[in-house]
Amino acid sequence: MKTGADTFHVATTLHGAVAALADRGHAGAPLAGATWIMRAPLRGGPQQDRSYVALSRIDELRRVEIGERDITIGACVTHAALASALAHIDGCAALVQAAASSANPAVRQVATIGGNLCAWDFASADLVPALICLAANVELTSPDGVERISMERFLARRSELAPGTLLSRIVVARTACGSAHVRLPLRRSGDYPVAIVSLAVKLGQNSTVLTARAAVGSVEVVARRWETLEAGLVGRPLDPQAAAALAGRCLDDFVARDGVEAAGWYRLAVLPSLVRRAAQALLPHS
Ligand SMILES: Cc1cc2nc3c(=O)[nH]c(=O)nc-3n(C[C@H](O)[C@H](O)[C@H](O)COP(=O)(O)OP(=O)(O)OC[C@H]3O[C@@H](n4cnc5c(N)ncnc54)[C@H](O)[C@@H]3O)c2cc1C
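If you look the protein chain up in an unreviewed UniProt entry, it shows as Molybdopterin dehydrogenase from Chelatococcus reniformis.

Following this line, the structure appears as structure tokens:
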């Protein structure tokens, strides 16, 4: 059993955190809001005996920078701070709704966007499908430098990041798309969602869909795009009932997971109504 500085180091700079993690090798683990890590023993996870490097005092990772083209979000921005910073920014509704509806108010004050994306064994993470539908990129910082990759590449790699590699920032391009995030918790609003649909569309005249990007979370082990749904939406007026019917015809695209909150068949069965609600939210004046 390790003690004191071996088990807990508080970093105050990004480069200090990277160096401390690289020193610790595979024994080291980043600690952000700790809302996922603290439940590792309950999940039978490996993390209780790690040497933690705390990230929450790194000011540069707690900023949201809203530029003309991009929004850059530090990995330690909390769900609550994110929802507040982007509340009035066009195109970000999916991310705002994801951040504002996950968990409960107390957890949202400490849980971070970086922790949400890096909890690789968590299928129901709200921010993941929201960021996929917004075509976000993530920035990784390691002793070798900084690398920017798509969400999809990050999700494929995140369980095997080399020691000393941190998710440092998330970059979302500002677009003319509208977006929505719809989730189904089973009992209370803060419960883990059994299924999530995040949808971003650009609408033309008569609400014709010019571009669409959809992502589904909590149904499979890792959230991913729903490309057949996207293809079926483009070129037609956005119609919530028709979108739900289309979703119902494309359910074979997923191999749904069984879990304690819901069986796989149920996660699939609710997708059409989540698509209908997302489409409804994206219609002008809805
Ligand atoms: C009661 C409760 C309800 C919840 N409900 C929801 C919900 O409805 N929706 C939802 O999405 N989530 C939910 N969560 C899950 C989750 O805890 C949060 O979503 C949160 O975002 C995790 O962030 P954190 O900062 O606490 O991460 P931590 O617990 O600190 O870390 C999580 C993992 O990510 C790693 N990590 C953290 N930051 C970085 C980084 N910058 N770079 C590399 N690795 C990093 C850690 O080493 C760890 O493996 C809930 C949690 C609780 C306790």
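Draft legend 1. Layout of the sheet that holds strand 1 (residues 8-10). Spatially, 1-3-2 is the arrangement adopted by the three strands of the open sheet, whose pairing is parallel. Each having just a single partner strand, strand 1 and strand 2 (28-31) make up the two edges of the open sheet. The sheet shows a mean angle of 25° between the axes of neighbouring strands, taken without regard to direction. With four bridges joining them, strand 2 and strand 3 (residues 51-54) adopt parallel strand pairing. Opposite Leu 31, over in strand 3, you have Ala 54 as the bridge partner. Sheet strands in contact with helix 1 (residues 14-24) are strand 1, strand 2 and strand 3, and its direction is about 175° off that of strand 3.

Draft legend 2. Quick peek at the pattern of salt bridges. In the structure shown here, the tally under the stated rule is 10 salt bridges. One salt bridge in this structure joins Arg 169 and Glu 139, with 2.8 Å as the shortest N-O distance. Placement of Arg 169 in strand 8 (residues 166-173) and of Glu 139 in strand 6 (residues 137-142) is noted, with a sequence separation of 30 residues between them. Of the two residues examined, Arg 169 and Glu 139, each falls in the buried class. Two residues, Glu 230 and Arg 225, come together in a salt bridge whose shortest N-O distance is 2.7 Å. A single salt-bridge network, built from bridges that share partners, covers Glu 60, Glu 139 and Arg 169.

Conventions used here
Residues numbered from 1 in each chain as written. Predicted model: local features only at pLDDT ≥ 70, side-chain atom pairs only at ≥ 80, totals over all residues. Heavy atoms only, no water. Pairing = 2+ DSSP bridges. Helix = DSSP H or I, 4+ residues; strand = E, 2+ residues; numbered from the N terminus. Axes fitted to C-alpha atoms, helices over the stretch in contact; angles between N-to-C directions. Contact = heavy atoms within 4.5 Å. Salt bridge = Lys/Arg side-chain N within 4 Å of Asp/Glu carboxyl O. Buried < 20%, exposed > 50% of the residue type's maximum accessible area, 1.4 Å probe, protein only.

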